[in-house]
Amino acid sequence: MSDVVVLGAGIAGHTAALHLSRQLGKEHTVTVVSPNSYWNWIPSNIWVGVGKMKRGQVIFPLDPIYRRKGISFEQAQAVAIRPYGEADDLRGAVDIVRTDSARAGQTDRIRYDYLINATGPKLRFSATEGLGPGGFTASVYTADHAVEAAAQFRQIVGKLKRGEPQTIIVGMGHGTCTCEGAAFEYVFNVDSELREAGVRDRARIIYLTNEAELGDFGVGGMVFDEQGYQTTSKLWTESLFRERGVEAVTGVHVERVEPNVVHFETLDGEHRQLEFDYAMLLPPFGGVDLAAYDRNGNDITPELFAPSGFMKVDADYSAKPYEQWSAEDWPRTYQCPGHDNIFAVGIAFAPPHQISKPRRSPRGTLIAPAPPRTGMPSGVIAKTVALTIADRIRHGGTAPAHDASMAEMGAACVASAGAGLRSGSAAAMTMMPIVPDYSKYPTGRDIKDTRGELGLHGHWVKLMLHYLFIYKAKGLPGWFLIPE
């Protein structure tokens, strides 16, 4: 019998647990540890944040799903990993602090034969003074944050209807943020909602981004082939901003936020400020607070984790100039070095470097998007690791690992630009591969499979994916037939 423990129940952790429960017999155990009792389809939080969806449409309770699938669920926060066990039990272990209302604060230790770290990100609002729901800006990264954002946004719409001009700022709240796509979606849904309410002409909408240019999205931008002609995601995105009348300020590091004022530095070294009536700024990510200890209780956290808090995997982390970065630097198996039974998936693994070119301001401030590892890549990587573990349980620990390099993996992204079955719109983008490989492709990607389109049909696809992936996440009949 083998015990598999999955830390985290987001897209990556939940996907891994479902596939493991399907692959393994009942003599083995799969345990999910998550501080949250609900699963959240995060890509639809942007619709909650403008009032187009309710919180209950993007979340559901985990426990009933896991009971039906024979998966153990521990509502708890993982705080430490003990990969070598202890003197009296050599099996690996995870220290947890329970978060359910009945046992909040209680500590426990869970043993494992295989461990998947899918803890996702720590939302580092504290990296920027005044950022976040505890400060002076809204967020849509969690369902609860999105509900608060919608309430604030409704107040802004009310003021606009009363004839009061309003300034709205949307974007990234730090120079190293990732998930630029979420801010992109939110700003155009805000624009769409204001148009629907008939008050768009009274609102100034400003987009702040750490991208050096629009259309970078943390992947270095894309080159599209349109009927034999090449265009870039930069031109494609800029045209959308012009069409909608959304002002964009690129190459931005937000230094601090005060009531109704955001202060920021730009790549050219300027220090500027903008006043706002409502702002939704995303936080930078870090790894969650996980420590690691050896058999004698000595701290070995640097052995398993990068300084960012993300877990080291089979990537090339050697420091080298941007010009020497390679697609080969990226991990394939997501196995923690020196530990053939520990893996990290989704946002939890440490990327070897950025995908976008790193840039700094004259004073040395890093202003560059961190690599995105959310959505489709998270699901694909999680399934890949689940298959590796299932093979090793069935055939022995030397069974070869499955692989899924982001430098060979394609991805599709559908970014909402406004909801509505007749009036909605979305930017549908595909890229192959996610991490550009200039040794194989002149533009870094296969131009035949790297495309971008904008229109109503994109919204229909986005809405269809919302319901499909919630169906899949609930483990309903045939769930595994829906691609990651």
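Residues numbered from 1 in each chain as written. Predicted model: local features only at pLDDT ≥ 70, side-chain atom pairs only at ≥ 80, totals over all residues. Heavy atoms only, no water.

**Q** Looking at this structure, I do not really get helix H9 (residues 456-473). What am I missing?
**A** For an α-helix the count is 3.6 residues per turn, leaving residues at separations of three or four pointing the same way. Here H9 contains 18 residues, and its C-alpha end-to-end distance of 26 Å stays within 8% of the 26 Å for a straight helix at 1.5 Å per residue. Considered for burial, the residues of H9 that qualify are Gly 458, His 459, Lys 462, His 466, Phe 469, Ile 470, Lys 472 and Ala 473. All buried residues of H9 project into a common sector of 155 degrees when viewed along the axis, lining one side. Backbone geometry just after H9 places Gly 475 at a positive phi near 65 degrees. (Helix = DSSP H or I, 4+ residues; strand = E, 2+ residues; numbered from the N terminus. Expected span 1.5 Å × (residues − 1). Buried < 20%, exposed > 50% of the residue type's maximum accessible area, 1.4 Å probe, protein only. Arc of directions from axis to C-beta.)

**Q** Can you walk me through a nonpolar patch on the surface in this structure?
**A** Where nonpolar side chains cluster on the molecular surface, the patch consists of Val 461, Met 464 and Leu 468 and spans about 220 Å² of accessible area. Examined against the element boundaries, Leu 468 turns out to sit in helix H9. (Patch = residues over 30% accessible without salt bridge, like charges linked within 9 Å, V, L, I, M, F, W, Y side chains within 5 Å. Areas by Shrake-Rupley, 256 points an atom, 1.4 Å probe, with all protein chains shown as cover. Salt bridge = Lys/Arg side-chain N within 4 Å of Asp/Glu carboxyl O.)

**Q** Help me out: how do you make sense of the packing of aromatic side chains in this one?
**A** Each aromatic ring pair is specified by the distance between its two centres and by the angle formed by the two planes. Counted according to the given criterion, the structure contains 15 aromatic pairs. Here the aromatic rings of Trp 39 and Trp 41 are separated by 6.0 Å at their centres, their planes lie at 15 degrees, and the arrangement is stacked. Judged by centre distance (5.6 Å) and plane angle (50 degrees), the rings of Tyr 66 and Phe 73 are tilted. Accessibility classification places Tyr 66 together with Phe 73 in one group, the buried group. Connected via pairs of aromatic rings, a cluster forms that spans Phe 184, Phe 188, Tyr 207, Phe 217 and Phe 241. Over the ring of Phe 349 we find Arg 373, and its NZ or CZ is 5.4 Å from the ring centre. In this structure, Lys 462 is placed above the aromatic ring of Trp 47, and the distance from its NZ or CZ to the ring centre is 5.8 Å. (Phe/Tyr/Trp six-rings, centres within 6.5 Å; stacked < 30°, edge-to-face > 60°. Lys NZ or Arg CZ within 6 Å of the ring centre and 35° of its normal.)

**Q** Where do I start with the nonpolar core in this structure?
**A** Note on soluble globular proteins: their nonpolar side chains tend to be buried together. Membership of the largest hydrophobic core comes to 120 residues, with the highest contact counts inside it found for Tyr 186 and Leu 194. Not counting chain neighbours up to four residues away, the residues in contact with Tyr 186 comprise Ile 46, Gly 49, Val 50, Val 140, Ala 149, Phe 153, Val 170, Tyr 278 and Met 280. (Core = buried A, V, L, I, M, F, W, Y, C linked by side-chain atoms within 4.5 Å. Contact = heavy atoms within 4.5 Å.)

**Q** What is the right way to look at helix H1 (residues 11-23) in this model?
**A** Across its 13 residues, H1 extends 18 Å between first and last C-alpha, which sits within 8% of the 18 Å expected from 1.5 Å per residue. Most of H1 sits out of view: eleven of its 13 residues are buried. Here H1 has its buried residues at Ile 11, Ala 12, Gly 13, His 14, Thr 15, Ala 16, Ala 17, Leu 18, His 19, Leu 20 and Ser 21.

**Q** What is the right way to look at the side chain of Ser 425 in this model?
**A** Take Ser 425: it is sitting in the loop between strand E22 (411-416) and strand E23 (426-431). For Ser 425, a relative accessible area of 11% corresponds to the buried category. Those residues in contact with Ser 425 that sit more than four places away from it in its chain are Arg 244, Ser 416, Ala 417, Gly 418, Leu 454, Gly 455, Leu 456 and His 459.

**Q** Whenever I open this one, the layout of surface pockets confuses me. Can you help?
**A** Any space left empty among the atoms is revealed by the rolling of a water-sized probe across them. Volume-wise, the second largest pocket comes out at about 640 Å³. Ser 308, Pro 351, His 353, Gln 354 and Pro 371 are, among the 31 residues lining the second largest pocket, the residues nearest its centre. (1 Å grid on protein atoms, 1.4 Å probe; cavity = no way out; pocket = protein on both sides within 12 Å on 5 of 7 lines; lining within 4 Å. Points joined across faces, edges and corners; volume = space filled by probe spheres on them.)

**Q** It is not clear to me how the sheet that holds strand E18 (residues 278-282) should be interpreted in this structure. Could you clarify?
**A** What holds strands together in a sheet is hydrogen bonding between their backbones, with the strands either parallel or antiparallel. Spatial strand order, E14-E11-E10-E18: four strands in an open sheet with parallel pairing. Here the strands that pair on one side only, and so sit at the sheet edges, are strand E14 (247-249) and E18. Going from strand to strand, the sheet's axes swing by 15 degrees on average, the running direction of each strand aside. The pairing of strand E10 (residues 166-172) with E18 spans five bridges and is classified as parallel. Residue pairing in the sheet places Gly 171 in a bridge with Leu 281 of E18. Of the strands in this sheet, E10, strand E11 (203-208) and E18 are in contact with helix H5 (residues 180-196), which crosses E11 at around 175 degrees. (Pairing = 2+ DSSP bridges. Axes fitted to C-alpha atoms, helices over the stretch in contact; angles between N-to-C directions.)

**Q** Would you mind showing me how to read the packing of helix H4 (residues 143-161) against H5 here?
**A** Axes are the key here: two packed helices are described by the angle between their axes and the distance separating the axes. It is the contact of H4 with H5, at a shortest axis distance of 11 Å, that shows an interaxial angle of 40 degrees. Seen along the crossing, H4 lies across H5 with a hand that is right-handed. Counting all contacts with H4, which are made through Ala 149, Phe 153, Val 157 and Leu 160, the residues of H5 involved are Tyr 186, Val 190, Glu 193 and Leu 194. For the contact of H4 with H5, a count of residues per class yields seven nonpolar, no polar and one charged. (Left-handed = near helix turned anticlockwise from the far one by under 90°. Nonpolar A, V, L, I, M, F, W, Y, C, P; charged D, E, K, R; others polar.)

**Q** Would you take a moment to explain unusual backbone geometry for this structure?
**A** A negative phi angle characterises most non-glycine residues, just as the trans form characterises most peptide bonds. Following Met 432, the chain continues into Pro 433 via a peptide bond in cis, with omega recorded as -5 degrees. When you line up the elements, Pro 433 lands in the loop between E23 and strand E24 (451-455). Residues other than glycine seldom take positive phi values, yet Asn 260 does so here, at roughly 65 degrees. Here Asn 260 shows up in the loop between strand E15 (252-258) and strand E16 (261-266).

**Q** I keep staring at the pattern of salt bridges and nothing clicks. Help me out?
**A** When the charged atoms of two side chains with opposite charge come close together, those side chains can pair. Taken as a whole, this structure holds 32 salt bridges when the rule is applied. Here Asp 63 ties to Arg 67 by a salt bridge, and the two come within 2.9 Å at their closest N and O atoms. In this pair, Asp 63 and Arg 67 are both assigned in helix H3 (residues 62-69), four residues apart and thus about one turn of the helix distant. Between Arg 332 and Asp 403 there is a salt bridge, and its shortest N-O distance comes to 3.4 Å. Highlighted residues: Arg 332 in the loop between helix H7 (301-304) and strand E21 (342-344) and Asp 403 in the loop between helix H8 (376-395) and E22, separated in sequence by 71 residues. A single network of salt bridges, built from pairs that share partners, joins Arg 82, Glu 86, Asp 89, Asp 95, Arg 109 and Arg 111.

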